[in-house]
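# Tertiary structure, described
The primary structure of each chain is shown beneath.
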Amino acid sequence: MLADMPHSVHTDELPADQEEEDDHEQHSENRRHGEADDGGKKEKGSEEKQPDEDDGEKEHKGIRPSKKAIFIGAIIVAAIVIGGLLYWMHARHFVSTDDAYTTGHVHQISARISGTVAQVMVDDNQQVEENDVVVRLDPRDYQVALQKAQAGWQQAKAQASQSDAKIAQTKAQRSAADSQVAQAQSQVSQARAQLEKARSDYDRVAGLYTKDIKAVSKADVDAATEAFDRTRSALEGAQANFTAAQAQLEAAEANVKAAEADAGAAAANVSASEAQVKDAELQLSYCAIVAPVGGKISRKTVEEGQRVQPGQALMAIVPEDVWVLPT
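Rules of the game
Residues numbered from 1 in each chain as written. Predicted model: local features only at pLDDT ≥ 70, side-chain atom pairs only at ≥ 80, totals over all residues. Heavy atoms only, no water. Helix = DSSP H or I, 4+ residues; strand = E, 2+ residues; numbered from the N terminus. Buried < 20%, exposed > 50% of the residue type's maximum accessible area, 1.4 Å probe, protein only. Contact = heavy atoms within 4.5 Å. Pairing = 2+ DSSP bridges. Phe/Tyr/Trp six-rings, centres within 6.5 Å; stacked < 30°, edge-to-face > 60°. Lys NZ or Arg CZ within 6 Å of the ring centre and 35° of its normal. Core = buried A, V, L, I, M, F, W, Y, C linked by side-chain atoms within 4.5 Å. Salt bridge = Lys/Arg side-chain N within 4 Å of Asp/Glu carboxyl O. Patch = residues over 30% accessible without salt bridge, like charges linked within 9 Å, V, L, I, M, F, W, Y side chains within 5 Å. Areas by Shrake-Rupley, 256 points an atom, 1.4 Å probe, with all protein chains shown as cover. Lys, Arg positive; Asp, Glu negative; His and termini not counted. Charge placed at Lys NZ, Arg CZ, Asp CG, Glu CD. Axes fitted to C-alpha atoms, helices over the stretch in contact; angles between N-to-C directions. Parallel < 35°, antiparallel > 145°, perpendicular 65-115°, else oblique. Left-handed = near helix turned anticlockwise from the far one by under 90°. Nonpolar A, V, L, I, M, F, W, Y, C, P; charged D, E, K, R; others polar.

### A closer look at the overall build of the protein chain
When helices and strands are counted, the protein chain shows four helices and 10 strands. Element order for the protein chain, N to C, with α for helix and β for strand: α-α-β-β-β-β-β-α-α-β-β-β-β-β. Burial analysis of the protein chain (327 residues in total) assigns 18% to the buried set. In the protein chain, 81% of the contacts between residues at least 6 apart in sequence involve partners at least 24 apart.

Below, the structure written as structure tokens:
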């Protein structure tokens, strides 16, 4: 057994030597790999340093801005200037405050005529527009009143037409009376001329029949006297006719004036009747109560079947526009 021990020891040491050699070779390979890695890192480091060197060169040369950047910058500057100017102009007319309250108008809606509510078209908090119908009153009474007014208007226009016809008639009568006056005036002038001739004939004949001179007969004198009396009577009759014609003319003129006055009254009656029709139409239109402005309904107190009076508040409208008042 002792003879065998060295052999066994010797065999156990061989693997140890091989392990040292293996460790030495492993260490050499690791050194080679380390140097390769260091070489790679150096190459990479040189490559990474290359852009820094390029950037340094660019910074050394200087960077020029593009036209687009300049344009955008100019727009931004102009917008800032314009905004500042607008704010300054706004601040000139308005005051800012941290202590204020909001307010607005409240429009009351009331009836303009008396009547019975037939229909309520809205309710509280309902949005309405200007001229929207919110309440309708029973229109029947006002429809009847309108019909009466229209009938009176038609009657007034008929009376006005009659007055115009009467004016035309009286004017025609006046024209006829004027013609009669002219004719009577002519007859008076003619009778006066005949009387002057008869007087002249009578004077001539009477001068020829005297106590001393009997140049004409008594019959001639009587005939001349009769002719003078006849023409004198004719003149008196013509004058009487002239006076009567003048009276008729005056009466015709008075009739014309009266007819014109009646026509004026009839025309005024027509205007008054027309105004009554318009008033009746207006009263009828008030049966539809409308919103004076747009907004929301508030304080509604009216209900269907309710009897309302002029000026009675039915509801209110609050517009959407409000404003701020400082305290």
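### Observations concerning the sheet that holds strand S9 (residues 313-318)
Pairing is antiparallel across the open sheet formed by four strands, whose spatial order is S2-S9-S7-S4. Two strands in the sheet have a free side with no partner beyond their single neighbour: strand S2 (107-110) and strand S4 (127-128). For strand S7 (residues 295-298) and S9, the ladder comprises three bridges, and the chain directions are antiparallel. Directly across from Ile 297, in S9, lies its bridge partner Ile 317.

### A word on the packing of aromatic side chains
For the structure shown, the criterion picks out one aromatic pair. Stacked on the ring of Trp 153, the Lys or Arg Lys 157 has its end atom at 4.2 Å from the ring centre.

### Section: the pairing of strand S3 (residues 115-120)
Sheet topology note: the S3/strand S8 (residues 307-308) ladder contains two bridges and is antiparallel. What sits directly across from Gly 115, in S8, is Val 308. Here S3 pairs with strand S5 (residues 133-137) via three bridges, running antiparallel. Looking across to S5, one finds that Gln 119 is bridged to Arg 136.

### Comments concerning the nonpolar core
Most often, soluble globular proteins keep nonpolar side chains buried together rather than apart. Ranked by size, the top nonpolar core spans 21 residues in total, and within it Val 134, Val 135, Leu 137, Ile 289 and Met 315 carry the most contacts. The residues touching Ile 289, leaving out its near neighbours within four places in the chain, are Ile 109, Ser 110, Ala 111, Asp 132, Val 133, Val 134, Val 135, Leu 137 and Leu 314. With 14 residues, the next largest nonpolar core counts Val 188, Ala 191, Phe 228 and Ala 252 among its residues.

### Topic: the pairing of S9
Pairing of S2 with S9 involves four bridges; the strand directions are antiparallel. Across the sheet, the residue bridging to Ser 110 is Ala 313, located in S9.

### Let's talk about the pattern of salt bridges
The final tally for this structure, using the stated rule, is eight salt bridges. The salt bridge involving Lys 278 is made with Glu 274; its shortest N-O contact spans 4.0 Å. A residue pair is termed a helical-turn pair when its members lie 3 or 4 positions apart in one helix, as Lys 278 and Glu 274 do in helix H4 (residues 218-285) at four residues. Note on Lys 278: relative accessible area 52%, which makes it exposed.

### Let's talk about a negative patch on the surface
Together, Glu 129, Glu 130, Asp 132, Glu 320 and Asp 321 make up a region of like negative charge exposed at the surface. In this fold, Glu 129 is placed in the loop between S4 and S5.

### Remarks on the sheet that holds strand S6 (residues 288-290)
In sheet architecture, strand pairing relies on hydrogen bonds along the backbone and comes in two forms, parallel and antiparallel. The antiparallel open sheet is built from four strands, whose spatial order is S6-S5-S3-S8. Where the open sheet ends on each side, the last strands, each with one partner, are S6 and S8.

### With respect to the packing of helix H3 (residues 140-208) against H4
Each packed pair of helices is defined by two parameters, the angle between the axes and the distance between the axes. Two numbers describe how H3 lies on H4: the axes approach to 5 Å, and their chain directions differ by 165 degrees. Taken as axis vectors, H3 and H4 run roughly antiparallel relative to one another. In terms of crossing hand, the pair formed by H3 and H4 is left-handed. Taken together, the residues of the contact of H3 with H4 break down into 37 nonpolar, 22 polar and 16 charged.

### Side note on unusual backbone geometry
The bulk of non-glycine residues show a negative phi, and the bulk of peptide bonds are trans. One non-glycine residue, Asn 131, lies in positive phi territory at about 75 degrees. One can find Asn 131 in the loop between S4 and S5. Its relative accessible area of 54% is what places Asn 131 among the exposed residues. Even without glycine at this site, Arg 299 takes up a positive phi of about 60 degrees. Residue Arg 299 is classed as exposed on the basis of its relative accessible area, which comes to 53%.

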